[in-house]
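# Coordinate analysis (summary)
Each chain is listed here by its residues.
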Amino acid sequence: MIPEFLNEFKTQLEKYKLETIKISATPLENEESLQVFDNKFLGTPYLPKGMEYPKDKENKPMVLWAQINFADVPVLDDYPNQGILQFFVSAEWFDMDDYKVVFHDTISEEFQTDFSFLTEEMYEESPIYREHKLDFSKEIEYGSSEDFRFDMNFNNQDYWDFQETLTKDQTEEIEKIIDGTGHKIGGYAYFTQADIRDYNKDLKQDVLLLQIDTDDEIMFGDSGVANFFINPEDLKNKRFEKAWFNWDCC
């Protein structure tokens, strides 16, 4: 994984190694839709019969941004290996204070099918423009220049100064292993501004639960990124309602 030109830093880099689940998001064609248990951005959720659809502070239905069925996800330490995790956000999502993260530990075959109350108007401000099919792969990361946890130096140079000394090919190589961008579960986070956890001691231990990045059919403000974080103990104990949301843009 580590390119030859970084061999002198291999021992240091190994200390930063993290597993992550990279998400490949494929936008659907118009009129296509996924099945109830499928992994998706947008679309309709799995919702057991008798459960109220999540609503925002104004008692309006929220938008399903993401649904992750962990039965389809490679095993990642401390994350579920089964169950469905959902991320609902208010149609008025910009202030980052109106969202719900819902986890279904067990899956019932008795589920709701009538979502006629989800009107087109709800999606007018959605940063995700259309439904996406999700596929997963487990990969290794050695850092992210924006994640505060990655503070390695390269012969007394920070990551950015060191990168200036590299050839184009070497830059492409290092960005394959030190890069927090993209859709993912776990691993290093990406920010266009700064890592918000670095400025709050109560958040410094929190880990990335889900990241949704700008893509061909996804745009957070001006090429921004959305992150959901969670305390490690809450993650282990499946207290997903304690997860918190952040987004920023250029």
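Structure: see above.
Throughout what follows, the structure given in this document is the object of discussion. On a predicted model such as this, the values are computed, not experimentally measured, just so you know.

## What about the overall build of the chain?
Scanning the chain for helices and strands turns up four helices and ten strands. In the chain, the succession of α and β elements from N to C terminus is α-β-β-β-β-β-β-α-α-β-β-β-α-β. Scaling as 2.2 N^0.38, a compact globule of 250 residues should have a C-alpha radius of gyration of about 18 Å, and the chain matches this with 19 Å. The principal-axis extents of the C-alpha atoms in the chain amount to approximately 60 × 35 × 35 Å.

## A look at the packing of aromatic side chains
What the rule picks out here adds up to 26 aromatic pairs. A centroid spacing of 5.5 Å and a plane angle of 40° characterise the contact between F37 and Y46, whose relative ring orientation is tilted. A relative accessible area of 0% means that Y46 is categorised as buried. Geometrically, the ring pair formed by Y99 and F228 is edge-to-face, given 6.3 Å between the ring centres and 75° between the ring planes. Of this pair, Y99 sits in strand β5 (residues 99–104) while F228 sits in strand β9 (residues 225–230), placing them 129 residues apart in sequence. Grouped by ring-pair contacts, the aromatic residues W65, F87, W93, F94, Y99, F220, F228, F245 and W247 constitute a single cluster.

## Quick look at the side chain of D234
Among the secondary structure elements, D234 is positioned in helix α4 (residues 232–236). A residue is classified by how much of its surface remains accessible, and D234, at 11% relative accessible area, is buried. Apart from the residues lying within four places of it in its own chain, the contact partners of D234 are R239 and K242.

## Concerning the nonpolar core
Judged by nonpolar contacts, the single largest core of 47 residues is most densely connected at W65, I68, L85, F87, I185, L209 and F228. Listing elements by their share of this core, those giving two or more residues are β1 (18–27), β3 (63–69), β4 (84–89), β5, β6 (132–141), β8 (207–213), β9 and β10 (244–248). Among the elements that line this core, the one with the most residues is β3, at five residues. Counting residues in each nonpolar core, the second largest holds 16 residues, with F9, M152, I174 and I178 among its members.

## Section: the pattern of salt bridges
A complete count under the given rule lists 19 salt bridges for this structure. Between E217 and R130 there is a salt bridge whose closest N-O contact spans 3.6 Å. Here E217, found in the loop between β8 and β9, pairs with R130, found in the loop between β5 and β6; they are 87 residues apart in sequence, far enough to count as distant. For E141, the salt bridge is made with K184, and the minimal N-O distance between the two is 2.5 Å. Placement of E141 in strand β6 and of K184 in strand β7 (residues 184–185) is noted, with a sequence separation of 43 residues between them. Take E141 and K184: they sit in the same class, and that class is buried. Taken together, the shared-partner salt bridges in this structure form one network comprising D147, R149, D195 and R197.

## Here's the deal with the state of the cysteines
Per the counting criterion, the structure on display carries zero disulfides. Of all cysteine sulfurs, the one in C250 lies closest to C249, which takes part in no disulfide; the gap is 6.7 Å. Overall, the relative accessible area of 58% leaves C250 in the exposed class.

## Topic: the pairing of β10
Across the five residues of β10, five count as buried, placing the element largely inside the fold. Every second residue of β10 is oriented toward a common face, with W244, N246 and D248 on one face and F245 and W247 on the other, all of them buried. Direction of pairing for β9 relative to β10: antiparallel, over a ladder of five bridges. Following the sheet pairing, F228 is matched in β10 by F245.

## Things to note about the environment of E125
Within the secondary structure, E125 sits in the loop between β5 and β6. C-alpha separation for the pair E125 and F220, spaced 95 residues apart in sequence, amounts to 10 Å. With near-sequence residues (within four places) excluded, E125 lies in contact with A91, W93 and F94.

What counts, and where the lines are drawn
- Residues numbered from 1 in each chain as written.
- Predicted model: local features only at pLDDT ≥ 70, side-chain atom pairs only at ≥ 80, totals over all residues.
- Heavy atoms only, no water.
- Helix = DSSP H or I, 4+ residues; strand = E, 2+ residues; numbered from the N terminus.
- Rg over C-alpha atoms; globule rule 2.2 N^0.38 Å.
- Phe/Tyr/Trp six-rings, centres within 6.5 Å; stacked < 30°, edge-to-face > 60°.
- Buried < 20%, exposed > 50% of the residue type's maximum accessible area, 1.4 Å probe, protein only.
- Contact = heavy atoms within 4.5 Å.
- Core = buried A, V, L, I, M, F, W, Y, C linked by side-chain atoms within 4.5 Å.
- Salt bridge = Lys/Arg side-chain N within 4 Å of Asp/Glu carboxyl O.
- Disulfide = S-S within 2.5 Å.
- Pairing = 2+ DSSP bridges.

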